[in-house]
Amino acid sequence: MLRVGDLKLDTVGRTVSRAGRAIRLQRREFLMLELLLRHAGQVVTRAMLREGAWEYDFEPAGNIVDMHIHRLRQKVDHGFAQTLIHTVAGAGYMLREP
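One structure accompanies this document, and this report is about it. Please read all numbers here as calculations on a predicted model, not as lab measurements.

## Regarding the overall build of the protein
Within the protein one finds three helices and six strands. Going from the N terminus to the C terminus, the protein shows its helices and strands as β-β-β-β-α-α-α-β-β. A total of 98 residues make up the protein; the buried ones form 37% of that total. Long-range contacts, defined here as pairs at least 24 residues apart, represent 51% of the contacts in the protein between residues at least 6 apart. With the model as given, the accessible surface of the protein reaches about 5800 Å², and the carbon-plus-sulfur share is 50%. Counting 15 positive and 11 negative side-chain charges, the protein places the centres of these two groups 5 Å from one another.

Written out as structure tokens, the structure is:
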């Protein structure tokens, strides 16, 4: 079980919840969130997210990582006063409590 604040990710049961509310994620979103939780409080680069969510020989085009992070934010942070997923300009993303 990985946890930051009221966000919980069960790696065995492959479930995610925030404040007791279940969150349904697509496979890549789950993998990206798991990586962010495992590195909570640290910058996670786009390259790390690509490697964690796609096969090593896959070279995603454009801003596919940013698009997945956008959807992940909508599912994880939408409707909550405190956001957990933060952009670190020029570096990547960080999941942390406010």
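## Concerning the nonpolar core
Ranked by size, the top nonpolar core spans 26 residues in total, and within it Leu 7, Leu 33, Leu 49, Ile 69 and Leu 95 carry the most contacts. For this core, the secondary structure elements donating two or more residues are β1 (2–4), β2 (7–10), α1 (27–38), α2 (46–53), α3 (64–76) and β6 (92–95). Per-element tally for this core: the top contributor is α1, with seven residues. The residues touching Leu 95, leaving out its near neighbours within four places in the chain, are Val 4, Leu 7, Leu 33, Leu 36, Leu 37, Ala 40, Gly 41, Leu 84 and Ile 85.

## What about the packing of α1 against α2?
Across the interface, α1 lies against α2 with an axial gap of 9 Å and an inter-helix angle of 130 degrees. Between α1 and α2, the crossing angle belongs to the class labelled oblique. In the crossing of α1 with α2, the sense of the turn from one axis to the other is right-handed. Contact with α1, carried on its side by Arg 27, Arg 28, Leu 31, Met 32, Leu 35 and Leu 36, involves Met 48, Leu 49, Gly 52 and Ala 53 of α2 and no other residues of that element. Of the residues belonging to the contact of α1 with α2, the class tally is seven nonpolar, one polar and two charged.

## A word on the sheet that holds strand β3 (residues 15–18)
Within the open sheet, the four strands sit side by side as β1-β2-β3-β4. Their pairing is antiparallel. Only two strands of the sheet have a single neighbouring strand rather than two, namely β1 and β4 (21–23). Averaged over all pairs of adjacent strands, the angle between strand axes in this sheet comes to 20 degrees, irrespective of strand direction. Relative to β4, β3 runs antiparallel, the two sharing three bridges.

## Remarks on the pattern of salt bridges
Inspection of the entire model under this criterion finds six salt bridges. For Asp 77, the salt bridge identified is with Arg 18, shortest N-O distance 3.0 Å. With Asp 77 in the loop between α3 and β5 (85–88) and Arg 18 in strand β3, the pair connects residues that are 59 residues apart, well separated along the chain. Owing to a relative accessible area of 7%, Asp 77 belongs among the buried residues under this scheme. Two residues, Glu 29 and Arg 71, come together in a salt bridge whose shortest N-O distance is 3.1 Å. One end of the pair, Glu 29, is in helix α1; the other, Arg 71, is in helix α3, with 42 residues separating them in the sequence. Residue class for Glu 29 comes out buried when judged on its relative accessible area of 0%.

Rules used throughout
Residues numbered from 1 in each chain as written. Predicted model: local features only at pLDDT ≥ 70, side-chain atom pairs only at ≥ 80, totals over all residues. Heavy atoms only, no water. Helix = DSSP H or I, 4+ residues; strand = E, 2+ residues; numbered from the N terminus. Buried < 20%, exposed > 50% of the residue type's maximum accessible area, 1.4 Å probe, protein only. Contact = heavy atoms within 4.5 Å. Areas by Shrake-Rupley, 256 points an atom, 1.4 Å probe, with all protein chains shown as cover. Lys, Arg positive; Asp, Glu negative; His and termini not counted. Charge placed at Lys NZ, Arg CZ, Asp CG, Glu CD. Core = buried A, V, L, I, M, F, W, Y, C linked by side-chain atoms within 4.5 Å. Axes fitted to C-alpha atoms, helices over the stretch in contact; angles between N-to-C directions. Parallel < 35°, antiparallel > 145°, perpendicular 65-115°, else oblique. Left-handed = near helix turned anticlockwise from the far one by under 90°. Nonpolar A, V, L, I, M, F, W, Y, C, P; charged D, E, K, R; others polar. Pairing = 2+ DSSP bridges. Salt bridge = Lys/Arg side-chain N within 4 Å of Asp/Glu carboxyl O.

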